[in-house]
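Given next are the chains, with one letter for each unit.
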Amino acid sequence: MNKKGIPVLYSGCSGVGKGTIMKELLRRDPSIRLSVSNTTRAPRKGEIDGVHYNFVTREEFLALADSDGYIEHAVYCGNYYGTPKQQVEDMLEQGCNVFLEIEVQGGLQVMEKYPEILSIFIMPPSLEELERRLRGRGTEDEETIRKRMAQAVEEMKFKDRYRFCVINDDVDRAADEVLSLLNREQNN
Ligand code: 5GP
């Protein structure tokens, strides 16, 4: 991966508040860009194609995978998700610090390809708090919540593979911590 900007592998379980911290990071630091993933998942209410995700068909997804167009890709809760290579390379080339907000299977692929990458895992203060947040979001049905909690427990087993863990006990504090990790990496 090109090193003009810094790529950041940014993971954590669904519902942990990664997206909320990410919004705060984007607001505070104009050098940060979020890679827009391709997914076969249906858009949630309010999600915009090309902004939150590129919503693609299974055929479109697999065609790009066949032509080696992803940095990584994975199946999560029955849907495909992948990070388009070209887009990330272009943003790094422009000197942006590019966050890859992806789940653990994809994260492991990225760490295998780029062992030195700045990798950050966002943890909930507790599993009880994670479940409360997932329910509070109100966008998922009971079956999906159950699946996502089980997935979260699995994902947390991989937290030690990441270079840093940040606990999302408070969004501002967690964003401060992520920014200081990025600054430290920049100055290395
Ligand atoms: P959601 O459906 O809640 O938007 O995302 C489900 C999970 O997929 C989240 O953990 C999210 O970070 C992850 N994800 C989003 N984009 C990608 C991607 O391009 N690759 C992988 N491996 N995971 C992704």
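Quick note: structure is the one above.
Now for a quick tour of the structure. (Residues numbered from 1 in each chain as written. Predicted model: local features only at pLDDT ≥ 70, side-chain atom pairs only at ≥ 80, totals over all residues. Heavy atoms only, no water.)

1. Comments concerning the sheet that holds strand S3 (residues 38-39)
Applied cut-off: In this scheme, strands are said to pair when DSSP sees at least two bridges between them. Numbering goes from the N terminus for both helices and strands, where a helix is a DSSP run of H or I of at least four residues and a strand is a run of E of at least two. Any two residues whose heavy atoms approach within 4.5 Å at even a single point are treated as in contact. Note on method: axes are straight lines fitted to C-alpha atoms, helices fitted across the in-contact stretch only, with angles between N-to-C directions ranging 0 to 180 degrees.
Here we have four strands laid out as an open sheet, ordered S4-S3-S6-S5, and mixed in their pairing. Among the strands making up the open sheet, the edge pair consists of strand S4 (54-55) and strand S5 (70-76). Packing against the sheet, helix H3 (residues 85-93) makes contact with S5 and strand S6 (79-84), and its axis sits at approximately 35° to S6.

2. Regarding the sheet that holds strand S2 (residues 32-34)
Pairing between sheet strands relies on hydrogen bonds along the backbone, with the strands arranged either parallel or antiparallel. Here five strands make up an open sheet; going across it, the order is S2-S7-S1-S8-S9 and the pairing parallel. Two strands in the sheet have a free side with no partner beyond their single neighbour: S2 and strand S9 (164-167). Each strand axis lies, on average, 30° off the axis of its neighbour in the sheet, ignoring direction. Here strand S1 (residues 7-12) pairs with strand S8 (residues 118-123) via five bridges, running parallel. Bridge assignment links glycine 12 to a residue of S8, and that residue is isoleucine 122. Together, S1, S2, strand S7 (97-101), S8 and S9 form the strand contacts of helix H7 (residues 171-186), whose direction differs from that of S9 by roughly 155°.

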